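Reading the structure
Single-letter residue listing:
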Amino acid sequence: MSPSRLLPIALGLLAACSSAPPASSPAPSPAPRPNAEPSHAPPPAKPTMDPAARERANITVHRDTIPVPEPNRVAPPQLAYQRGLMALASTGVDAFLRDHPTADGRGVLIGILDTGIDPSVPGLSLTTTGERKVLDLRDFSGEGAVALTRIAPSGDSVVVAGHALAGFSRVAALAGRGDVWGGAIREIPLGDPPASDLNGNGTAGDTLPVVVARASDGWVLFADTDGDGSLANERPIHDYLVAGETFGWRGPGRAAPVAIAVNFSGTGNEPALDLFFDTSSHGTFVSGVAAGHDLYGVKGFDGVAPGAQLLGLKIANDAQGGITTTGSMMRAIDYAIRFAGRRRMPLVLNMSFGVGNEQEGDARIDALVDSVLAAHPDLVFTISAGNDGPGLSTIGFPGSAARALTAGATLPGVFLPGTFGPPADQLAPFSARGGELAKPDVIAPGFAYSTVPRYNAGEEIKEGTSFSAPHTAGLAALLRSALVQANVSADAHAIKQALMVTARPQGGFAFIAEGAGLPDVNAALAWLRQGHNVADVGVRALGGHGATAAYRGQGLASAGDTLQGFELVPEGGAPDSFRLRSNAPWLVAPASAALGGSRSTVTLRYKAAALRTPGTYTGLVSGWTADTAAGPAFRLVNTVVVPFPAANAELASSAQLAPGAERRASFLADSARPFIVRVATASPLQHAIAALHEPDGMPFRNGQQQEASADSGAAVFRVDARDVVPGAYEAVAVGFPTAGSTVSMRVEQSPVRVTTRADGAGLAATLANATRQPVTARVGLALAGAERSEAVTSQGGDTVRIPFTAPAWARRAEVDIAMAPAQWERFTDFGVTLFDSTGRQIAKLPLNYAFGRLQAPLPPDRAARPVALELFPGLAERGSSETWKARVTIRLYADSATAPARSADARTALTIPPGDARTATLAAPRLPWPLPERFHPLGVVVVRGARGQFWTRETALGNAAQGEAPR
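Residues numbered from 1 in each chain as written. Predicted model: local features only at pLDDT ≥ 70, side-chain atom pairs only at ≥ 80, totals over all residues. Heavy atoms only, no water.

1. Re the overall build of the protein chain
From N to C terminus, the protein chain includes 14 helices and 55 strands. Against the 2.2 N^0.38 benchmark of 30 Å for 967 residues, the protein chain shows a C-alpha radius of gyration of 29 Å, consistent with a compact globule. With the C-alpha coordinates aligned to their principal axes, the bounding extent of the protein chain is approximately 90 × 80 × 60 Å. Considering the protein chain as a whole, with its 967 residues, one finds that 60% of them fall into the buried category. Considering only contacts in the protein chain between residues 6 or more positions apart, those separated by 24 or more positions represent 77%. For the protein chain, the computed accessible surface area is about 35000 Å², with 51% contributed by carbon and sulfur atoms. Distance between charge centres in the protein chain, computed from 82 positive and 86 negative side chains, equals 4 Å. (Helix = DSSP H or I, 4+ residues; strand = E, 2+ residues; numbered from the N terminus. Rg over C-alpha atoms; globule rule 2.2 N^0.38 Å. Buried < 20%, exposed > 50% of the residue type's maximum accessible area, 1.4 Å probe, protein only. Contact = heavy atoms within 4.5 Å. Areas by Shrake-Rupley, 256 points an atom, 1.4 Å probe, with all protein chains shown as cover. Lys, Arg positive; Asp, Glu negative; His and termini not counted. Charge placed at Lys NZ, Arg CZ, Asp CG, Glu CD.)

Structure below.
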């Protein structure tokens with residue numbers, strides 16, 4: 001998803017790692033060593049390299065005479081290796097490499113579409129055969145673009161971006177009489193330090209100049225990397241593709257915090273320059289998982305496919321919120337295919353990015369990805385499922401592309417404390433689930449200890465489906481490597497089928513949670529060697545109930561609503577008929593299905609009597625050929641969610657949850673009717689993970705997941721009347737990874753629906769009784785802050801800037817972005833960032849659905865200060881200039897001390913008969929502070945029930961606030 005927004009999980013092993021003995025000491029209770037070299041097969045010798053060759057291979061050569069201290073890691077790499085924190089054993093990689101030591105990915109290219117790669121990190125320099133690990137680094141995001149202008153020296157000096165640089169004769173010696181160009185990159189737009197502190201001097205406000213000249217072997221860059229004000233001792237840096245060179249700014253005694261590569265383009269004698277770097281660390285981490293070798297210098301500490309080579313394709317601009325930019329995905333995919341084709345290398349692509357689906361099956365990027373994969377049948381494309389679980393229908397796009405190999409995440413047992421060895425792997429609670437999609441395809445370890453740039457030291461352990469996808473890409477590279485060596489042909493569909501057919505279900509989860517299960521790469525290779533005829537059949541659910549799966553989110557529409565059709569589309573090599581099997585007693589399928597012509601339809605029947613009790617019902621009908629060992633040719637996935645009615649309800653009572661197990665329940669909500677969901681354990685010593693999802697799967701806009709315990713430690717989701725989306729919400733409780741728990745879940749719905757409208761100098765609040773009993777309530781109005789709302793219309797990927805003033809009284813900002821769900825399917829990303837007057841980021845949010853909410857504390861200030869909201873749309877198609885529209889609402893909140901009327905002490909009492917409504921006209925409070933231009937007062941209607949419960953609705957007051965604000 002846009003790189004992961006994750007739930008932190010307290011893992012016992014991490015605490016153990018933090019206080020671990022030095023790497024040279026034996027680790028207590030070590031896990032099996034992953035990917036250890038077998039005793040009968042010594043590691044291949046690495047060729048001796050001269051210093052120039054070492055630099056071309058991107059191995060750091062330290063010229064400083066002052067020793068550079070090693071960064072502090074979250075755990076010593078040797079201990080992480082001994083503990084098995086790359087979790088290779090989970091998918092059988094350790095056994096595979098013992099059996100097939102030369103099929104370690106060598107000969108295969110893995111393209112990493114991400115935030116970049118730092119090739120200087122130990123583990124990303126060489127393959128197992130001594131070849132350069134990273135073949136090319138190419139930026140499609142625009143983040144590192146440097147504007148160049150012609151410069152002229154004055155003697156042996158030149159001025160670039162206000163910086164005087166001596167030693168220009170070093171440049172002139174290479175450039176001869178040719179033009180010389182200068183430019184600079186500023187740190188401030190790159191985001192938060194330390195990542196944006198490119199020169200590692202402790203501040204992120206520098207402007208760093210560069211000089212570009214044409215040498216006999218192409219364009220080169222000079223930079224004052226050591227900060228001494230001179231280029232005399234600097235080396236020329238070529239395009240990374242030409243020489244594999246990088247550079248980095250650093251001071252005496254310091255290593256460069258991040259390696260920077262150079263991309264040159266342009267025409268004729270005018271160069272265009274992009275600097276390639278990873279100021280997110282996400283792409284560097286992903287690369288280590290997929291193909292790292294000897295991580296941090298620890299021999300044998302490898303990623304999944306250590307022999308594979310990498311292609312770094314930067315599609316995300318961290319300066320704009322870590323988002324993809326218009327066309328960047330497709331441009332990167334096209335470049336990778338052409339790059340691999342020229343070198344005749346098998347290609348595996350990995351994309352650990354994506355956003356939430358609004359209308360599954362309609363995303364434009366899905367169609368583009370599927371068309372590319374149809375045109376290139378040998379291309380395996382692994383994509384992360386997303387981190388919006390555990391709710392249903394949360395798979396993001398382009399992970400929803402039918403031909404992609406979509407990976408959900410596990411929490412590997414090696415990350416959990418165990419008395420007698422590591423516990424079993426668990427399905428990660430954040431891993432996205434299917435519903436309207438028959439996804440994910442598989443699950444893989446979503447936690448790992450991997451490579452990070454130097455500035456990110458201490459963050460070597462990360463979690464998310466972002467890291468299960470490259471693990472799966474590594475598995476595909478291992479299979480490709482083995483197949484090439486065995487001269488066995490298999491296309492991408494066969495490799496995907498092999499990983500799915502031989503995968504191990506983890507038990508107790510439906511297909512839409514874990515797909516086929518956890519792959520076993522040795523079993524997948526054995527399956528491929530058997531030469532099965534793999535039928536390729538596309539599936540589409542009919543009737544508007546889903547895309548590749550049928551999904552009834554609010555039960556059956558009627559007792560007669562029991563039929564569900566699926567369209568089957570043979571993609572090639574499919575037989576004429578299939579035998580059908582159902583795995584659920586309520587789901588009835590015909591005995592067989594015939595494929596006639598280009599497409600045919602299969603109709604399934606639901607037993608309505610079995611689908612009456614509130615709950616979630618998932619069943620699967622699989623289609624089989626005579627070769628049962630080939631596995632199912634297709635799966636018809638069906639889910640029926642029967643929600644509790646819109647009333648107070650005990651969603652779960654004393655439910656027993658094993659570690660990692662889940663209990664889910666859905667309930668209906670009415671528009672404008674606020675409610676509270678409470679999830680609690682039976683004891684303060686127990687813990688669980690609680691989540692709330694809005695209708696159609698989107699995580700609750702004010703916070704998706706919370707840790708739940710007993711009493712005051714319960715997880716509480718309070719939904720304001722303004723935010724209620726009518727439909728079926730889903731509450732989920734997941735057993736804490738380290739111990740089981742007993743969990744209760746309850747929803748309390750307001751007895752009234754609360755709507756408002758301006759009424760002269762006040763506000764009319766209407767309370768509509770939503771129950772069958774008379775309701776007595778008291779209603780009042782408090783002042784919360786200020787609100788501004790406006791419609792935005794723009795075109796293509798142009799940035800939209802909305803400046804405003806944050807007054808001294810404002811302590812918190814909240815920005816809502818809303819657009820039509822159908823429009824959302826055009827995008828691949830949408831960044832929302834708040835900047836201060838210097839251009840520094842206050843907060844950023846990669847929009848994940850057609851609605852998004854950015855919440856940010858504002859730094860305290862005694863005076864009003866200018867702020868700017870910027871929107872960064874990223875559309876799927878290259879060069880897109882299509883029009884898009886959004887509603888932007890900015891809210892500024894005061895603290896309770898500044899807004900004394902917040903308590904709403906003056907209340908009007910109302911008694912409302914069943915099915916009726918009453919309106920109270922509430923006087924708006926007097927403004928205690930000035931309002932910024934174009935902002936209106938923001939109020940909160942507070943409704944208190946007879947038993948002391950309270951419910952709220954935030955609302956703009958327009959011009960209703962009383963009196964002139966003090967100056």
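2. Some details on the sheet that holds strand E50 (residues 865-875)
Pairing is antiparallel across the open sheet formed by four strands, whose spatial order is E45-E50-E47-E48. Of all the strands in the sheet, just strand E45 (800-806) and strand E48 (841-846) have a single pairing partner and so form its edges. Recorded for the sheet is a direction-independent mean angle of 15° between the axes of neighbouring strands. As paired strands, strand E47 (residues 827-836) and E48 are joined by five bridges and run antiparallel to one another. Within the sheet, the bridge partner assigned to threonine 833 lies in E48 and is lysine 844. (Pairing = 2+ DSSP bridges. Axes fitted to C-alpha atoms, helices over the stretch in contact; angles between N-to-C directions.)

3. Here we look at the packing of helix H7 (residues 282-291) against helix H10 (residues 465-485)
Relative to each other, H7 and H10 sit at 35°, their axes nearing to 8 Å. Between H7 and H10 lies a crossing of right-handed hand. From H7, His282, Phe285, Val286, Val289 and Ala290 reach across to H10, where they touch Ser466, Phe467, Pro470, His471 and Gly474. Among the residues forming the contact of H7 with H10, the class breakdown is six nonpolar, four polar and no charged. (Left-handed = near helix turned anticlockwise from the far one by under 90°. Nonpolar A, V, L, I, M, F, W, Y, C, P; charged D, E, K, R; others polar.)

4. Structural notes on helix H9 (residues 364-375)
With 12 residues, H9 should cover 16 Å at 1.5 Å per step; its first-to-last C-alpha distance of 17 Å lies within 8% of that length. Taken together, the buried positions of H9 are Ile365, Asp366, Val369, Asp370, Val372 and Leu373. Relative to the axis of H9, the buried residues are bounded by an arc of 160° and lie together on one face. (Expected span 1.5 Å × (residues − 1). Arc of directions from axis to C-beta.)

5. Focus: the side chain of glutamate 694
Looking at where glutamate 694 falls in the secondary structure, it is placed in the loop between strand E37 (688-693) and strand E38 (705-708). Only 2.8 Å separates the side chain of glutamate 694 from the side chain of arginine 701, close enough to count as a polar contact. Setting aside chain neighbours within four positions, we find glutamate 694 in contact with Pro699, Phe700, Arg701, Val725, Ala728 and Tyr729. (Polar contact = N/O pair within 3.5 Å; in protein donor to acceptor, adjacent residues only side chain to side chain.)

6. Structural notes on the packing of H10 against helix H11 (residues 492-501)
Across the interface, H10 lies against H11 with an axial gap of 11 Å and an inter-helix angle of 115°. Classified by chirality, the crossing of H11 by H10 is right-handed. In this structure, H10 uses Leu475, Ala476, Leu479, Arg480 and Leu483 to contact H11, whose residues at the interface are Ala492, Ile495 and Leu499. The residue makeup of the contact of H10 with H11, split by class, is seven nonpolar, no polar and one charged.

7. A word on the nonpolar core
Counting 91 residues, the largest nonpolar core has Phe830 and Leu869 as its most contacted members. Considering every element that reaches this core, the biggest residue donor is helix H8 (residues 328-343), with nine residues. Excluding residues within four positions of it along the chain, phenylalanine 830 makes contact with Ile323, Ile817, Met819, Trp824, Leu845, Pro846, Leu847, Leu871, Phe872, Pro873 and Trp884. If you look at the next biggest cluster of nonpolar residues, it comprises 83 residues, including Ile461, Ala476, Ala516 and Leu620. (Core = buried A, V, L, I, M, F, W, Y, C linked by side-chain atoms within 4.5 Å.)

8. Details of unusual backbone geometry
Excluding glycine, residues mostly have negative phi values, and the peptide bonds linking residues are mostly trans. A cis geometry characterises the amide bond from proline 193 onward to proline 194, with omega recorded as 5°. Mapped onto the elements of the fold, proline 194 is located in the loop between strand E7 (180-186) and strand E8 (207-215). For the peptide bond that leads from lysine 439 to proline 440, omega is 0°, which places it in the cis range. The backbone phi angle of serine 281 is positive, close to 80°, even though this residue is not glycine. For serine 281, a relative accessible area of 1% gives the class buried. With phi around 55°, aspartate 294 is a residue other than glycine that occupies positive phi space. Tracing the sequence through the fold places aspartate 294 in the loop between H7 and strand E13 (309-314). When its relative accessible area of 14% is taken as the criterion, aspartate 294 is described as buried.

9. Looking at the environment of glutamate 877
For glutamate 877, the location among the structural elements is in the loop between E50 and strand E51 (883-894). Judged by its relative accessible area of 34%, glutamate 877 falls in the partly exposed class. For the pair formed by glutamate 877 and leucine 368, sequence separation is 509 residues and the distance between their alpha carbons is 8.5 Å. Filtering out sequence-adjacent residues up to four positions away, glutamate 877 remains in contact with Thr326, Gly327, Arg364 and Leu368.

10. Quick word on the sheet that holds E38
If you walk across this open sheet you meet the four strands as E35-E40-E37-E38, and the pairing is antiparallel. At either margin of the open sheet sits one strand with a lone partner, and together these are strand E35 (662-669) and E38. On average, adjacent strands in this sheet sit at an angle of 20° to one another, irrespective of strand direction.

11. Concerning the pattern of salt bridges
Under the defined criterion, the tally for this structure stands at 43 salt bridges. Residues glutamate 650 and arginine 746 are paired through a salt bridge, measuring 3.2 Å at the closest nitrogen-oxygen approach. Of the two residues, glutamate 650 is situated in strand E34 (residues 649-657) and arginine 746 in strand E41 (residues 741-749); the sequence distance between them amounts to 96 residues. Its relative accessible area of 38% is what places glutamate 650 among the partly exposed residues. Arginine 746 gets classed as partly exposed once you look at its relative accessible area, which sits at 30%. The network of salt bridges with shared partners includes Arg722, Asp723, Glu787, Arg812, Glu814, Asp816, Arg853, Arg891 and Glu954. (Salt bridge = Lys/Arg side-chain N within 4 Å of Asp/Glu carboxyl O.)

12. Quick word on helix H13 (residues 521-529)
For H13, the complete set of buried residues consists of Val521, Asn522, Ala524, Leu525, Trp527 and Leu528. Contacts made by the buried residues of H13 are with helix H4 (93-99), H10 and H11. Two or three places before asparagine 522, at the start of H13, stands the capping residue aspartate 520, its side-chain oxygen 3.2 Å from that residue's backbone nitrogen. Count one or two residues on from H13 and you reach glycine 531, which has phi positive near 70°.

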